[in-house]
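Letter by letter, the chains look like this.
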Amino acid sequence: MNVGFVIYTLGDQPGTLDAVWGHQINGGGTGKAVGGEGPRFAGTYHITYCTSEGRKLVESTLEITSEAEDYDLTWYRDGAIIARGIGHETPAGLIAGFRFLPD
């Protein structure tokens, strides 16, 4: 099915997000995003995802757009879209499901 989830919480520094993620094929881990535009989740970020053991897995650009409490998420690598997702803001953070696009 090639699907996963991610939970983003606002980082300690403005414009940053912390992530916890899981994927049907790739396992799970954490992530750190930098470059957001404000106090909420919407913005364009450079994000680094790591395995649960802390090994760097992948870097990409993450674009989050919002309409009220709902969000669209798009991940890019080398200018090409690699994954799409949808999310909802909750007291626990921005919770989103995603799917990698076929090559």
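Residues numbered from 1 in each chain as written. Predicted model: local features only at pLDDT ≥ 70, side-chain atom pairs only at ≥ 80, totals over all residues. Heavy atoms only, no water.

A closer look at the pattern of salt bridges
Within this structure, the stated rule accounts for 3 salt bridges. We note a salt bridge from Asp 18 to Lys 32, for which the minimum N-O separation is 2.8 Å. A residue pair is termed long-range when its members are at least 10 positions apart, and Asp 18 in strand S2 (residues 16–23) and Lys 32 in strand S3 (residues 27–34) qualify at 14 residues. For Lys 32, a relative accessible area of 36% translates into the label partly exposed. Arg 40 is the salt-bridge partner of Glu 89, the closest N and O atoms lying 2.1 Å from each other. With Glu 89 in strand S7 (residues 80–90) and Arg 40 in the loop between S3 and strand S4 (43–51), this residue pair connects regions lying 49 residues apart in the sequence. (Salt bridge = Lys/Arg side-chain N within 4 Å of Asp/Glu carboxyl O. Helix = DSSP H or I, 4+ residues; strand = E, 2+ residues; numbered from the N terminus. Buried < 20%, exposed > 50% of the residue type's maximum accessible area, 1.4 Å probe, protein only.)

A closer look at the side chain of Thr 74
For Thr 74, the location among the structural elements is in strand S6 (residues 70–77). One polar contact links Thr 74 to Arg 84, side chain to side chain, over a distance of 3.1 Å. Contacts of Thr 74, omitting those with residues within four sequence positions, involve Thr 61, Leu 62, Glu 63, Ile 81, Ala 83 and Arg 84. (Polar contact = N/O pair within 3.5 Å; in protein donor to acceptor, adjacent residues only side chain to side chain. Contact = heavy atoms within 4.5 Å.)

What about the pairing of S3?
Bridge analysis of S2 against S3 gives 8 bridges, and the strand direction is antiparallel. Each residue of the ladder has a partner; that of Trp 21, found in S3, is Gly 29. What sits between the antiparallel neighbours S2 and S3 is a turn of 3 residues. Across 6 bridges, S3 lies against S4 in antiparallel orientation. Of the residues in S4, the one forming a bridge with Val 34 is His 46. (Pairing = 2+ DSSP bridges.)

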